[in-house]
Amino acid sequence: DAGVTQSPTHLIKTRGQQVTLRCSPISGHKSVSWYQQVLGQGPQFIFQYYEKEERGRGNFPDRFSARQFPNYSSELNVNALLLGDSALYLCASSLEGAEVYEQYFGPGTRLTVT
Amino acid sequence: GNSVTQMEGPVTLSEEAFLTINCTYTATGYPSLFWYVQYPGEGLQLLLKATKADDKGSNKGFEATYRKETTSFHLEKGSVQVSDSAVYFCAFQYNNNDMRFGAGTRLTVKP
């Protein structure tokens, strides 16, 4: 079975631009979470979606938004990019959103803002 | 607030040495605890987990025990291999959606 997939692998944007990152969960997984991993740090929670509803939001500005589609894939959007948004963006899926289940991570999208 | 404090790295060991990476957490209630591993150029992989006090998670020779009294979840391995070289992250899951990670500990094992 395919794992969590993310696209694109790498992305370079300039300050002020907008970016959309995509994630496809493992088949059968209905929950998707997004994390930001700055170089040398642990991942920071951004959003969780379950059954197309937002279940949780981390401490990120409103420039960050996300949505989940009927097929459970998800997009993360970041507007008005700042240099500090440069990071590895990780998507994770899990089998349930209301239970404590381990999350399965994708390889990430490396975003560089210049 | 809720947080994870992880042993700072980097850690460099010789093959077959004993490994301990310390992890403590601050949280209200009783979160589930995890260790994730990130190999070079790859995403995070779940290594092991424990969901309640005194549970021991184990996988690939690694072990960690959920210690409620010390709010700790230290990772141990009796004999490391070169292939264990990676970054290790301690994490807890609270509120069933918000997973908090430590800063990561880079382990290098030399032959």
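In the block above lies the structure referred to throughout.
This section reports on the structure supplied with the text. (Residues numbered from 1 in each chain as written. Chains lettered and ligands numbered in written order. Predicted model: local features only at pLDDT ≥ 70, side-chain atom pairs only at ≥ 80, totals over all residues. Heavy atoms only, no water.)

This paragraph deals with the overall build of chain A. On a plain count of helices and strands, chain A comes out with zero helices and 11 strands. Taken over C-alpha atoms, the radius of gyration comes to 13 Å for chain A, in line with the 13 Å a tight globule of 114 residues would show. By principal-axis analysis of the C-alpha atoms, chain A measures approximately 40 × 25 × 25 Å. Relative to its 114 residues, chain A shows a buried fraction of 50%. When contacts within chain A are restricted to residue pairs at least 6 apart in sequence, those whose partners lie at least 24 apart make up 53%. Taken as a whole, chain A presents about 5500 Å² of accessible surface, with 48% of it coming from carbon and sulfur. Here chain A contributes 10 positive and 10 negative side-chain charges, whose respective centroids are spaced 11 Å apart. (Helix = DSSP H or I, 4+ residues; strand = E, 2+ residues; numbered from the N terminus. Rg over C-alpha atoms; globule rule 2.2 N^0.38 Å. Buried < 20%, exposed > 50% of the residue type's maximum accessible area, 1.4 Å probe, protein only. Contact = heavy atoms within 4.5 Å. Areas by Shrake-Rupley, 256 points an atom, 1.4 Å probe, with all protein chains shown as cover. Lys, Arg positive; Asp, Glu negative; His and termini not counted. Charge placed at Lys NZ, Arg CZ, Asp CG, Glu CD.)

This paragraph deals with the sheet that holds strand β3 (residues 19-24) of chain A. All names here are of chain A. Strand order across the open sheet formed by four strands is β1-β3-β8-β7, with antiparallel pairing between neighbours. Taken across any chain shown, the strands that pair with only one partner, and hence form the sheet edges, are β1 (5-7) and β7 (64-68). Neighbour-to-neighbour, the strand axes of the sheet open up by a mean angle of 15°, direction not taken into account. (Pairing = 2+ DSSP bridges. Axes fitted to C-alpha atoms, helices over the stretch in contact; angles between N-to-C directions.)

Below, the discussion takes up the interface of chain B and chain A. In this complex, chain B contributes 17 residues to the contact, which on the side of chain A involves 22 residues. Both sides together, the interface formed by chain B and chain A hides about 1500 Å², and carbon and sulfur atoms give 51% of it. Taken together, chain B and chain A are joined by zero salt bridges. Counting across the interface, chain B meets chain A through two residue pairs in polar contact (both at pLDDT 80 or more). Secondary structure elements with two or more residues in the side of chain B that touches chain A: β5 (32-38), β6 (44-50), β10 (86-94) and β11 (98-101) of chain B. Top element by residues in the side of chain B that touches chain A is β5 of chain B. It accounts for four residues. (Buried area = accessible area lost by both parts, 1.4 Å probe. Salt bridge = Lys/Arg side-chain N within 4 Å of Asp/Glu carboxyl O. Polar contact = N/O pair within 3.5 Å; in protein donor to acceptor, adjacent residues only side chain to side chain.)

This brings us to the state of the cysteines. Residue and element names in this part refer to chain A. Counted according to the given criterion, the structure contains two disulfides over all chains. What pairs with Cys23 in a disulfide is Cys91, and their sulfur atoms sit 1.8 Å apart. Across the disulfide from Cys23 to Cys91, rotation about the S-S bond amounts to roughly -60°, and the bridge is consequently left-handed. Within this pair, whereas Cys23 is found in strand β3, its partner Cys91 is found in strand β9 (residues 87-94), the two being separated by 68 residues in sequence. Looking at Cys23, the relative accessible area reads 2%, which means it is buried. (Disulfide = S-S within 2.5 Å.)

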